[in-house]
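One letter stands for each residue in the lines below.
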Amino acid sequence: MVEHFVFFKLQEDTKEEDKKKIVETLYGLKEIPGIVEFSAGLNHSQEGKSRGFEVGMRIGFQNQAALDAYLPHPIHKSVIGQVRGHFADSSFVFDYTW
């Protein structure tokens, strides 16, 4: 299993309803073959350590080949294209295999 984590910073003027829509849109990624687990949501940590990242996503892939196929997949390109306008310049990606 390959775990794929992505955290997004949003533009300062992103409205609350748009934040919820971003998360809903990200759930469209679940349709990509090779994904066995998926979750996404808005940060609500009270620790003050989010460094401005507001949206988080975790995807469990069957294997590295599934992750490799995910990045160029048309659904990935479409979903990211729909929400990209709300993203600030910074994102954080972390993958590991277990």
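Residues numbered from 1 in each chain as written. Predicted model: local features only at pLDDT ≥ 70, side-chain atom pairs only at ≥ 80, totals over all residues. Heavy atoms only, no water.

Counting its secondary structure elements, the chain contains three helices and four strands. Going from the N terminus to the C terminus, the chain shows its helices and strands as β-α-β-β-α-α-β. Its C-alpha atoms give the chain a radius of gyration of 13 Å, within 12% of the compact-globule value 13 Å for 98 residues. Seen along its three principal axes, the alpha-carbon backbone of the chain occupies a region of about 35 × 30 × 20 Å. Counting only residues that meet the buried cut, the chain has 35% of its 98 residues in that class. Considering only residue pairs separated by 6 or more positions, the chain has 74% of its internal contacts joining residues 24 or more positions apart. Of the roughly 6200 Å² of accessible surface on the chain, 51% is carried by carbon and sulfur atoms. Charge centroids of the chain, computed over 11 positive and 14 negative side chains, lie 1 Å from each other. (Helix = DSSP H or I, 4+ residues; strand = E, 2+ residues; numbered from the N terminus. Rg over C-alpha atoms; globule rule 2.2 N^0.38 Å. Buried < 20%, exposed > 50% of the residue type's maximum accessible area, 1.4 Å probe, protein only. Contact = heavy atoms within 4.5 Å. Areas by Shrake-Rupley, 256 points an atom, 1.4 Å probe, with all protein chains shown as cover. Lys, Arg positive; Asp, Glu negative; His and termini not counted. Charge placed at Lys NZ, Arg CZ, Asp CG, Glu CD.)

Counting 23 residues, the largest nonpolar core has Leu26, Leu29, Phe38, Met57, Phe61 and Tyr70 as the members making the most contacts within it. Breaking this core down by element, the ones donating at least two residues are strand E1 (2-10), helix H1 (16-26), strand E2 (35-42), strand E3 (53-61), helix H2 (64-70) and helix H3 (74-83). (Core = buried A, V, L, I, M, F, W, Y, C linked by side-chain atoms within 4.5 Å.)

On to a nonpolar patch on the surface. Where nonpolar side chains cluster on the molecular surface, the patch consists of Phe7, Phe92, Phe94, Tyr96 and Trp98 and spans about 550 Å² of accessible area. Here the nonpolar patch gets three residues from one element, more than from any other, and that element is strand E4 (residues 87-97). By secondary structure assignment, the location of phenylalanine 94 is in strand E4. (Patch = residues over 30% accessible without salt bridge, like charges linked within 9 Å, V, L, I, M, F, W, Y side chains within 5 Å. Salt bridge = Lys/Arg side-chain N within 4 Å of Asp/Glu carboxyl O.)

As a further point, take the pattern of salt bridges. This model, assessed by the stated rule, comprises four salt bridges. Put simply, arginine 58 and glutamate 3 hold a salt bridge, and the shortest N to O gap is 2.7 Å. With arginine 58 in strand E3 and glutamate 3 in strand E1, this pair connects stretches of sequence that are 55 residues apart. Exposure remark for arginine 58: the relative accessible area of 22% places this residue in the partly exposed category. A relative accessible area of 6% places glutamate 3 in the buried class. Glutamate 37 serves as the salt-bridge partner of arginine 58, at 3.0 Å between the closest nitrogen and oxygen. Taken together, the positions of arginine 58 in strand E3 and glutamate 37 in strand E2 put the pair 21 residues apart, joining distant regions of the chain. It is possible to trace a salt-bridge network through shared partners that takes in Glu3, Glu37 and Arg58.

So, on to the sheet that holds E2. A sheet is described by the order of its strands in space; here four strands give the open sequence E2-E3-E1-E4, paired in antiparallel fashion. Two strands bound the open sheet, and with one partner strand each, they are E2 and E4. Strand-to-strand, the axes of this sheet are offset by a mean angle of 15 degrees, without reference to chain direction. Packing against the sheet, H1 makes contact with E1, E2, E3 and E4, and its axis sits at approximately 180 degrees to E2. (Pairing = 2+ DSSP bridges. Axes fitted to C-alpha atoms, helices over the stretch in contact; angles between N-to-C directions.)

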